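# Summary of the model geometry
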Amino acid sequence: MSVARLVQAIEAEAEAEAEAIVGRAAAEAEAIVDAARRRAAEQVAAARGAAERAARAEVARRLNTLRLRNVAARAEVLAAAVDDVFRAAGEEVAAIADGGDPERWERALRRLVDEAVAVAGPQATSAVRPSDAGAVRAAVETAGARLQVVVDPVLPAGLVTRSADGRIEVDATLPVRLGRAREQLAGEVAILLGAGGRPGDAASRGALP
């Protein structure tokens, strides 16, 4: 082989090797660029996801705050309405017990006597205010019980009954019954208020047996 051909062969081999090196470098560069693009896309997606989660959490927090404020406002309104309802019920029941509706009050006293006998026994003692003594004694006679009736001038409307052994006491005075009615009818009052009913009627029915 002549020197010229030898030089050409060397040059061709060097050129091929250089092209191979350039190709490998280009491939590596492309891989590096692709990896960088993927990492950037992943970072962008992660940042976007974190931002979306943070935004959703903030929206949920604000909505929950609004709900709590709404619940608190409705609770305040309902509490005030319940106070008004039972204040009116107390006045209505007191008027009935003080002579506004004698027949209804006598019926209520008879039911109170029946409850007292059932809980405290037929030989119990019931304390009543002077104006209720006659009606209660008549109710005791009608019930066929041996309930002893005593007069207590400071007692409110209704009666307080104690069993013969003193272990059981049944407080059926109007203030106590009205308090129980308030607890028992709280849900009913809320429904009636929302439906536009007359909760005062329900409260007075709960106070009078």
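### A closer look at the overall build of the protein chain
In terms of regular secondary structure, the protein chain is built from six helices and four strands. What you see in the protein chain, going N to C, is helices and strands ordered as α-α-β-α-β-β-β-α-α-α. Within the span of the protein chain, comprising 209 residues, buried residues form 25% of the whole. Once local pairs closer than 6 in sequence are excluded, the contacts in the protein chain between residues at least 24 apart make up 62%. On the protein chain, roughly 13,600 Å² of surface is accessible, and the fraction owed to carbon and sulfur atoms is 56%.

### Here we look at the pairing of strand β3 (residues 159-162)
Bridge analysis of strand β1 (residues 125-128) against β3 gives four bridges, and the strand direction is antiparallel. By the bridge assignment for β3, Ser126 is matched with Thr161. Alignment of β3 against strand β4 (residues 169-171), held across three bridges, turns out to be antiparallel. Bridged to Thr161 within β4 is Val170. Here β3 folds back onto β4 in antiparallel fashion, the turn holding six residues, of which Gly166 has a positive phi close to 75 degrees.

### Details of the pairing of β1
Two strands pair when backbone bridges link them, and β1 and strand β2 (residues 148-151) are joined in this way by four bridges, in the parallel orientation. Within the sheet, the bridge partner assigned to Val128 lies in β2 and is Val151. Once the chain exits β1 it traverses helix α3 (residues 133-143) before rejoining the sheet at β2, and the crossover so formed is right-handed.

### Focus on the nonpolar core
Core analysis: the biggest nonpolar cluster contains 23 residues, and Trp105, Val136 and Val140 have the highest contact counts within it. Those elements giving two or more residues to this core turn out to be α1 (3-100), α2 (102-120) and α3. The element best represented in this core is α2, accounting for seven residues. With residues near it in sequence (within four places) discarded, Val140 still touches Val113, Ala145, Leu147 and Val149. Within the second largest apolar cluster, six residues are counted, among which are Val82, Phe86, Ala89 and Ala181.

### Brief notes about the pattern of salt bridges
Counted according to the given criterion, the structure contains three salt bridges. Residues Glu115 and Arg177 are paired through a salt bridge, measuring 3.2 Å at the closest nitrogen-oxygen approach. Of this pair, Glu115 sits in helix α2 while Arg177 sits in helix α4 (residues 174-184), placing them 62 residues apart in sequence. Look at Arg177 and you get buried, because its relative accessible area is 13%. Here Asp132 and Arg129 are joined by a salt bridge, their closest N and O atoms 2.8 Å apart.

### Description of a nonpolar patch on the surface
A surface patch of nonpolar side chains, amounting to about 270 Å² of accessible area, comprises Val59, Leu63 and Leu66. Summarising the element assignment, Val59 is placed in helix α1. Residue classification places Val59 among the partly exposed positions, given a relative accessible area of 48%.

### A word on the side chain of Ser126
Note on placement: Ser126 falls in strand β1. Take Ser126: its relative accessible area is 0%, and that puts it in the buried class. A polar side-chain atom of Ser126 sits 2.6 Å from a polar atom in the side chain of Thr161. Residues contacting Ser126, with those up to four places away along its chain left out, are Leu147, Gln148, Val149, Val150, Leu159, Val160 and Thr161.

Conventions used here
- Residues numbered from 1 in each chain as written.
- Predicted model: local features only at pLDDT ≥ 70, side-chain atom pairs only at ≥ 80, totals over all residues.
- Heavy atoms only, no water.
- Helix = DSSP H or I, 4+ residues; strand = E, 2+ residues; numbered from the N terminus.
- Buried < 20%, exposed > 50% of the residue type's maximum accessible area, 1.4 Å probe, protein only.
- Contact = heavy atoms within 4.5 Å.
- Areas by Shrake-Rupley, 256 points an atom, 1.4 Å probe, with all protein chains shown as cover.
- Pairing = 2+ DSSP bridges.
- Right-handed = clockwise from strand over helix to strand, strands pointing away.
- Core = buried A, V, L, I, M, F, W, Y, C linked by side-chain atoms within 4.5 Å.
- Salt bridge = Lys/Arg side-chain N within 4 Å of Asp/Glu carboxyl O.
- Patch = residues over 30% accessible without salt bridge, like charges linked within 9 Å, V, L, I, M, F, W, Y side chains within 5 Å.
- Polar contact = N/O pair within 3.5 Å; in protein donor to acceptor, adjacent residues only side chain to side chain.

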